[in-house]
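Fold and contact review
So the chains spell out like this:
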Amino acid sequence: MKYILEIEVAGGEATFVEKFLKNISFVKKVKAVASNEITNPAILQSIEAYENGSVKPTPLNLAELKSMINA
């Protein structure tokens, strides 16, 4: 079973928290995530598919985009 835990830590305490979590036997990986980093696997997979060329973007004009936003 896998859990993702979100903890907000002040800047000076970040190293202490990382060391503390790494010392817990059942914690496998500790990683700090930037506020603008994409972590959703579905979005990451979509981006990778686009970059590999396996998915082609759908053409969309500005009027259609505005209608979708204002729907």
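The text that follows walks through the structure, step by step, so that each part is easy to find. (Residues numbered from 1 in each chain as written. Predicted model: local features only at pLDDT ≥ 70, side-chain atom pairs only at ≥ 80, totals over all residues. Heavy atoms only, no water.)

Looking at the overall build of the protein
To be explicit about the condition: Numbering of helices and strands runs from the N terminus, with a helix taken as a DSSP run of H or I at least four residues long and a strand as a DSSP run of E at least two residues long. A radius of gyration in this sense is built from C-alpha atoms; the matching globule rule multiplies 2.2 Å by the number of residues raised to 0.38. Burial status follows relative accessibility: with a 1.4 Å probe on protein chains alone, a residue under 20% of its type maximum counts as buried, one over 50% as exposed, and anything between as partly exposed. We get accessible surface area from the Shrake-Rupley algorithm with a probe of 1.4 Å; when it comes to residues, only the shown protein chains can shield them. The sign given to each residue is positive for Lys and Arg and negative for Asp and Glu; His and the chain ends receive no count. Just so you know, the charge point we use is NZ for Lys, CZ for Arg, CG for Asp and CD for Glu.
The number of helices and strands found in the protein is 3 helices and 0 strands. Ordering the α and β elements of the protein from the N terminus gives α-α-α. A globule of 71 residues ought to have a C-alpha radius of gyration of about 11 Å, yet the protein, at 19 Å, is considerably larger. Overall, the protein is about 55 × 30 × 20 Å in size when its C-alpha atoms are taken along their principal axes. Looking at the protein residue by residue over its 71 residues, the buried ones come to 4%. Per element, the accessible surface of the protein, about 7200 Å² overall, is 58% carbon and sulfur. Taken as two groups, the 8 positive and 8 negative side-chain charges of the protein have centres that lie 7 Å from each other.

A short note on the layout of surface pockets
This is how it is decided: Put simply, the grid is 1 Å and covers the protein atoms alone, a cavity is a trapped set of points that fit a 1.4 Å probe, a pocket is an open set with protein on both sides within 12 Å along at least five of seven lines, and lining residues have an atom within 4 Å of a point. Grid points are joined across faces, edges and corners, and a volume is the space filled by probe spheres set on the points. By the convention adopted, Pro, Cys, Tyr, Trp, Phe, Met, Ile, Leu, Val and Ala count as nonpolar, Lys, Arg, Asp and Glu as charged, and the other residues, Gly among them, as polar.
The calculated volume of the largest pocket comes to roughly 1400 Å³. Among the residues making up the lining of the largest pocket, the classes are represented as 18 nonpolar, 2 polar and 8 charged.

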